[in-house]
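Fold and contact review
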Amino acid sequence: MAESTKSADYVIVGAGIIGAMLATKLAKAGASVLMLEAGDHVKRGEIVSRFRNSPRRSDWMSPYPSLDTAPHPIYRPEENNHLVQAGPYPYKAEYIRQVGGTSWHWAAHAWRNVPGDFKIKSLYGVGVDWPFDYDDLEPYYQEAEEIMGVCGSTETGSPRSKPFPMDPVAEPFAMQRVRERLAGTYNVVANTVARNSRSFDGRPPCCGNNSCQPICPIDAQYHGGIAVQQALAVGVKLQVRANVFQLEHDAQGRIIAVNYYDPEKNVHRVTGKTFIVASNGIESPRLLLLSKSDKFKNGIANDNDMVGRHLMDHPSTSLTFDADEDVWLGRGPQSPSSINTMRDGAFRAEHSPYRLDFTNISRVDGATNSLLKAGVYGKEFAEKLRHSAAREMNVKSVLEVLPDPERRIDLADEKDAMGLQKPRAHYSIDDYTFRGHKRAQKDFAKIAELMGGSNLRYTKDDDFSNNQHICGTLSMGSDRTISVCDEFGRAWNHENLYFASTGVLPTSSTCNSTLNGIAVALRTGAHMIAENGGPAMLPRSNTLGAKA
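Residues numbered from 1 in each chain as written. Predicted model: local features only at pLDDT ≥ 70, side-chain atom pairs only at ≥ 80, totals over all residues. Heavy atoms only, no water.

Comments concerning the pairing of strand β11 (residues 354-358)
The condition that has to hold: Working definition: with a 1.4 Å probe on protein chains only, accessible area under 20% of the residue-type maximum means buried, over 50% means exposed, and in between means partly exposed. Here a helix means four or more residues in a row that DSSP labels H or I, a strand means two or more in a row labelled E, and each is numbered from the N terminus. For two strands to be treated as a pair, DSSP must find no fewer than two bridges joining them.
The buried fraction of β11 amounts to 5 of the 5 residues, a majority that puts the element mostly inside the structure. Side-chain alternation along β11 places Y354, L356 and F358 on one buried face and R355 and D357 on a second face that is also buried. Across 3 bridges, strand β10 (residues 337-339) lies against β11 in antiparallel orientation. Paired with S338 across the strands is D357, a residue of β11. In this structure, β11 lies alongside strand β12 (residues 392-399), joined through 5 bridges in antiparallel fashion. When the bridges of β12 are listed, D357 appears paired with K396.

Digging into the packing of helix α1 (residues 17-28) against helix α4 (residues 134-148)
Condition: Axes, fitted as lines to C-alpha atoms, cover a helix only where it is in contact. Angles between the N-to-C directions of the axes lie from 0 to 180 degrees. When describing relative orientation, an angle under 35 degrees is termed roughly parallel and one over 145 degrees roughly antiparallel, while 65 to 115 degrees is termed roughly perpendicular and anything else oblique. Between two residues, a contact is recorded if the distance between any of their heavy atoms is within 4.5 Å.
Here α1 crosses α4 at 95°, and the two axes come no closer than 13 Å. In this view, α1 runs roughly perpendicular relative to α4, as classed from their interaxial angle. Seen from α1, the contacting residues are I17, M21 and K25; seen from α4, they are E143, A144, I147 and M148.

Digging into the nonpolar core
Short version of the rule: Each nonpolar core is a collection of buried residues, namely Ala, Val, Leu, Ile, Met, Phe, Trp, Tyr and Cys, held together in the definition by side-chain atoms within 4.5 Å.
In this structure, M148, I276, L497 and F499 are the most contacted members of the largest nonpolar core, which totals 123 residues. The residues contacting I276, other than those within four sequence positions of it, are Y10, V11, I12, V13, L22, L26, Y498, F499, A500 and M528. Of all hydrophobic cores here, the second largest spans 10 residues; its members include I47, M61, I96 and W104.

Digging into the packing of aromatic side chains
Both the distance between ring centres and the angle between the ring planes are used here to describe each pair of aromatic rings. Short version of the rule: Only Phe, Tyr and Trp rings take part, Trp by its six-membered ring, and two of them pair if their centres are within 6.5 Å. Stacked means planes under 30 degrees apart, edge-to-face means over 60, and tilted covers everything else. Charge-over-ring contacts are defined here by two conditions on Lys NZ or Arg CZ: a distance within 6 Å of the ring centre and an angle within 35 degrees of the ring normal.
Overall, the coordinates contain 9 aromatic pairs when judged by the stated rule. Their ring planes at 45° and their centres at 5.8 Å tell us that Y134 and Y141 sit as a pair that is tilted. This pair shows no difference in class: Y134 is buried, exactly as Y141 is. Its guanidinium or amino end placed over the ring of F132, R523 lies 4.2 Å from that ring's centre, counting from NZ or CZ.

A word on the environment of L289
Residue position: L289 is located in helix α7 (residues 283-290). It is 40 Å that separates the C-alpha atoms of L289 and S161, two residues lying 128 residues apart in sequence. Beyond its immediate sequence surroundings of up to four residues, L289 is in contact with N298, G299, N302, V307, I409, D410 and L411.

A few points about the sheet that holds β12
Overall, antiparallel pairing links the 6 strands, which are arranged β4-β10-β11-β12-β9-β15 in an open sheet. Only two strands of the sheet have a single neighbouring strand rather than two, namely β4 (188-190) and β15 (454-458). On average, each strand axis in the sheet is inclined to that of its neighbour by 25°, with strand direction left out of account. The pairing of strand β9 (residues 318-322) with β12 spans 5 bridges and is classified as antiparallel. Paired with F321 across the strands is M393, a residue of β12. Sitting on the sheet, helix α9 (residues 378-391) is in contact with β9 and β12, with an inclination near 45° to β12. Helix-sheet contacts for helix α10 (residues 431-450) involve β9, β10, β11, β12 and β15, and the interaxial angle to β11 is about 40°.

Some points on unusual backbone geometry
What you tend to see is this: most non-glycine residues have negative phi, and most peptide bonds are trans. Here the amide bond leading from R76 into P77 is cis, since omega sits at -5°, within 30 degrees of zero. Mapped onto the fold, P77 is located in the loop between α2 (44-52) and β3 (84-88). Put simply, Q213 and P214 share a cis peptide bond, and its omega is 20°. Along the polypeptide, P214 turns up in the loop between β4 and α6 (224-233). Although it is not a glycine, H310 sits at a positive phi angle of roughly 65°. In this fold, H310 is placed in the loop between α7 and β9. When its relative accessible area of 10% is taken as the criterion, H310 is described as buried. Positive phi values are uncommon outside glycine, yet Q468 reaches one of about 60°.

Overview of helix α5 (residues 173-182)
To keep things clear, this is the line we draw: It is the directions from the helix axis to the C-beta atoms that the arc portrays.
Restricting attention to buried positions, one finds in α5 the residues A174, M175, V178 and L182. Looking down the long axis of α5, one finds its buried residues gathered within 95° of arc, a one-sided arrangement. The elements touched by buried residues of α5 are β4, β10, β11, β12 and α10.

Quick word on helix α8 (residues 364-373)
Considered for burial, the residues of α8 that qualify are A367, T368 and L371. For α8, the arc enclosing every buried residue in end-on projection is 100°, short of the 170-degree limit, so these residues lie on one face. Those residues of α8 hidden inside the fold are in contact with α9.

Thoughts on the environment of H351
Considering the arrangement of structural elements, one finds H351 in the loop between β10 and β11. Owing to a relative accessible area of 12%, H351 belongs among the buried residues under this scheme. For the pair H351 and P65, spaced 286 residues apart in the sequence, the C-alpha separation amounts to 38 Å. Among residues more than four places away in sequence, those in contact with H351 are M342, Y432, R435, G436 and R439.

Brief notes about the sheet that holds β3
Paired through backbone hydrogen bonds, the strands of a sheet run either parallel or antiparallel to each other. A sheet is described by the order of its strands in space; here 3 strands give the open sequence β3-β14-β13, paired in mixed fashion. Unpaired on one side and paired on the other, β3 and β13 (408-415) mark the two borders of the sheet. Averaged over neighbouring strand pairs, the angle between their axes works out to 30° when direction is ignored. Where β13 lies against strand β14 (residues 421-427), 5 bridges are found, and the strand directions are antiparallel. Each residue of the ladder has a partner; that of K415, found in β14, is Q421. Together, β13 and β14 form the strand contacts of α7, whose direction differs from that of β13 by roughly 65°.

Everything listed here is a matter of coordinates, which is why it stays silent on function.
Right, here's the structure in full:
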């Protein structure tokens, strides 16, 4: 029997970076807010200790074990098969179910879209248009940046109404050499990141640990754990180890409660006025699909069979090569610089746009493992390790995937330890994205040439790595036949159910999805507050001017 012990004005399912930042905004407006998190509350010190003691230093999930009571995908040393693969291309997403969510192990990339990303159907005849434009979202980009502490280049194609809260983080030597040697052919700029270049909000500046992924050991970069702390400080309540498995509704389709399992599989019922599903783009549609009833036989918010569809991420291919000088990757942030010239343009009618992202991850761990596997020891090992550590470089593409209803998350027949159907991924790489990859290879070759590159190692044409930027599965839009929610994240069929997740993003663009998801959620929060008699939403910006 369900035990009903909790209630709030807003009940938020998921305590990741997006849900927590929205919770803070709602609580500051005077509402009672309760966050339910399937995972545990783990402190930064424990995560740092796990990382330092892990034998798999390049496995960013190693400090984040999966709990039987709240499982998430694990691939090393053995796969736990939580995310079932239906193909035709594998989609091995890495996400974390614990307080703070997956941004514990992000690179802190806080990119804005470029204006053209909002209108790719109108401009280029591909994908879909967003239900609003860049200037509608721009004030909320700024709001998010000022909360997190964001810095970077202003030369990324994303116009601004106000400056960044701080100057960029110091440029690593390797990236300085890349910028200098590519000048005149490519404009190499500082990435937009939620990382301190100075003391900010009680947190220290980056000191160059080079372990941003899987954990910043000093909290110089913002993450969901900090967002949750900020939410708790303004009165938000948090229930951990609460694995929500069902949304309840009344005869009119309003959500009236959520049910969750505790670790002993006791059922608890939580009531509220407004419900917000703020889990990631896999666990959110999974919950909706699990919540079947006589009235909603396909699950909650799924009358049009669109929940879970339009799964998108950012596939990457890359080039590794040896520069003709010592550059010594590994000091400073792991992903500090990029090339942005192919993010937008008329070519998007023909092939995927992309960013080119330079890796600054220390080569020691990877080179050591490769040399040992090759049977290299002794003096030869020392010489080759030094060469790789000093000269090896890597550049990758970050490619757009278009929304396609056949790329989706649904439910597998297989069940997890809590007796819930596992999520299943149907994923593919289409010709549009593949053509973008082939175009990016031309840039790879030119970059290697300008760096005096030798020993060029391209990834295989059919080997796309995943960037863990899950989006599209709860797509917002203006056409309710092909979307799950409206421009404010409100489910079409349930007037008091909202979504705050990267899953609502209707297209993937070329940038990490986190800041987009946060900005959209803050806009949703402003709408909720205004609807309930609070201050009006922020006025739209005018960065586009006559071009709007």
